Amino acid sequence: MKKLLLAFCLFATGVHAQSTDSVTIRKIYNEILTNSPSYEWLRELTQKIGPRLSGSEGAQKAVDWSKQLMEKEGFDRVFLQEVMVPHWVRGAKEVAYIRNGKQKITVPIAALGGSVATAPKGVEAQVIEVKSFQELRDLGPEKVKGKIVFYNRPMDPTKLNTFEAYAGAVEQRANGANEAGKLGAVGAIVRSMTTVLDDNPHTGGMRYATGVPLIPTAAISTNGAELLSKSLKENANLTFYFKQNCETLPDAKSYNVVGEIKGSEKPDEIIVVGGHLDSWDLAQGAHDDGSGCVQSIDVLRTFKALGIKPKRTLRAVMFMNEENGLRGGVGYADYAKKNNEKHIAAVESDNGGFTPRGFGIVGTAQQRANVMPWKPLFAPYGLHEIGAGSGGADIGPLAQLGTVLFGFKPDSQRYFDFHHTGIDNFEAINKRELELGAASMTALVYLLDQYGL
Ligand SMILES: [Zn+2]
């Protein structure tokens, strides 16, 4: 009987907690959908400041801007964490064309971040098209030497989660120059990471392996890749020309920007919510990742606006240098370790400002199981994909400290229309979708703060 009574009481408190929580979450959504300044913040970050590649003037302006913004919002503490970041610059715009007999057809390319320049007059050579590293290795050095390797494996359009399609193709961008250079190629051209056929080349990070020749590498637009492939079928002896002027300068000093609300009951337990402040240089970095930054600041603003005093310490973190080095994410975890900080959970928004679908979780089976009772609280808002998944690049290094990671998951269908292109601008963001993301993140942080893990 006693046992039964206890069970009943537990059940009753559980139900009670759920209903208070659902009321609070409704308030969170109402507040953000009515009063959120996040869209206007994003307008400032993207249109007034613009591109924010690590080491650039834009990146420094974004540091100052986000610090001032969080101070103005009256968070308990706003501080900077110094990190040294790579400083790569694109230089003058790239030029590329296919020379096919007497025809010279210009195609859009963008140097990959980290790449070396071509010789000042450019590089021109015959082209070897491959779909995989294995195919390239099978050709061997005698067929590859002196040529430009053209990686043309598309993202798999049948994958419903476009990030999986991206993961299946992106090694060509990240390591293509290394594999081609080892076999004596003079350049590497990579099909852009998107399923759309258009004229926007998608830049992105690459890194030279130690000991390989440093050959220049660039992304070609998908239309350009289709044309090059078709032309090669007609004339295997055509040549490709490209010229790029990029350069790696000495590492530059930069910062993560952190805003904090101190916990009232367990101030030593920290919950992080963040995005990355840096962006590629071709556009304003609206989806990647201005949206994640303003959403994260809005999480803390909403706690204050609703008068919710968090039990645990909440931090909005603007990470620096996700795109070409991850120094901010690594640095943040280093500081946490050095200062003996206990981070119970970290939430990252770096998958675009689209309609929320759920959260990916990186943690133990038990930690994931602890989150499952919250699922019904998210269902009315369209978040159904809550379970094992990926967290985020910047929060990744916190995993070694036992932090449970949450990756905010918006709808992924349109993300790779914009990712790392010249069109990832403010106009690409829908205000309500951005706000729904901020509200979903706030609701999750609220539950993490209430119950821990
Ligand atoms: Zn990003």
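Since the structure is predicted, the reported quantities are computational estimates derived from the model, not experimental observations.

Let's shift gears to the overall build of the chain. From N to C terminus, the chain includes 13 helices and 16 strands. The C-alpha atoms of the chain give a radius of gyration of 24 Å, which matches the 22 Å a tight globule of 453 residues would have. With the C-alpha coordinates aligned to their principal axes, the bounding extent of the chain is approximately 85 × 45 × 40 Å. Classification of the 453 residues of the chain by burial places 55% in the buried group. Restricting the contact set of the chain to residue pairs at least 6 apart, pairs at least 24 apart contribute 83%. Between the mean site of the 51 positive side-chain charges and the mean site of the 50 negative ones, the chain shows a separation of 2 Å.

In an ideal tetrahedron of four donors about a metal, each angle is 109.5 degrees. In an ideal octahedron of six donors, the angles are 90 or 180 degrees. Protein coordination at the zinc ion comes from His 276 (NE2), Asp 288 (OD), Asp 350 (OD) and Asp 350 (OD), with a distance range of 1.9 to 2.7 Å. One can describe the site at the zinc ion as irregular: its 4 donor atoms subtend angles covering 52 to 147° at the metal.

So, about the UniProt feature "domain: Peptidase M28" (unreviewed entry) in the chain. Mapped onto the present numbering, the UniProt feature "domain: Peptidase M28" (unreviewed entry) falls on residues 256-435. Across residues 256-435, helical content stands at 29% and strand content at 28%; the span's end C-alpha atoms are separated by 24 Å.

Counting buried residues along helix H8 (residues 286-305), 18 of its 20 residues qualify, which places the element largely inside the surrounding structure. Taken from the residues just after H8, Gly 307 is the one with a positive phi, measuring 65°.

We now examine unusual backbone geometry. The omega torsion of the bond from Asp 288 to Asp 289 falls at 0°, within 30 degrees of zero and hence cis. Relative to the helices and strands, Asp 289 resides in helix H8. Despite not being glycine, His 420 has its phi angle at roughly 65°, a positive value.

The next point concerns the sheet that holds strand S5 (residues 123-130). Taken in spatial order, the 8 strands make up an open sheet running S3-S2-S9-S5-S6-S7-S8-S4, and their pairing is mixed. At either margin of the open sheet sits one strand with a lone partner, and together these are strand S3 (103-106) and strand S4 (109-111). Within this sheet the neighbouring strands show an average axis-to-axis angle of 30°, counted without direction. The strands touched by helix H4 (residues 133-144) within the sheet are S5 and strand S6 (148-151), with S5 carrying the most contacts at an inclination of about 140°.

Conventions used here
- Residues numbered from 1 in each chain as written.
- Predicted model: local features only at pLDDT ≥ 70, side-chain atom pairs only at ≥ 80, totals over all residues.
- Heavy atoms only, no water.
- Helix = DSSP H or I, 4+ residues; strand = E, 2+ residues; numbered from the N terminus.
- Rg over C-alpha atoms; globule rule 2.2 N^0.38 Å.
- Buried < 20%, exposed > 50% of the residue type's maximum accessible area, 1.4 Å probe, protein only.
- Contact = heavy atoms within 4.5 Å.
- Lys, Arg positive; Asp, Glu negative; His and termini not counted.
- Charge placed at Lys NZ, Arg CZ, Asp CG, Glu CD.
- Donors = N, O, S within 2.8 Å, 3.2 Å for Na, K, Ca; no water.
- Tetrahedral: all angles 85-135°; square planar, octahedral: opposite > 155°, others 65-115°.
- UniProt positions renumbered as here; feature names shortened; annotations may be inferred.
- Pairing = 2+ DSSP bridges.
- Axes fitted to C-alpha atoms, helices over the stretch in contact; angles between N-to-C directions.

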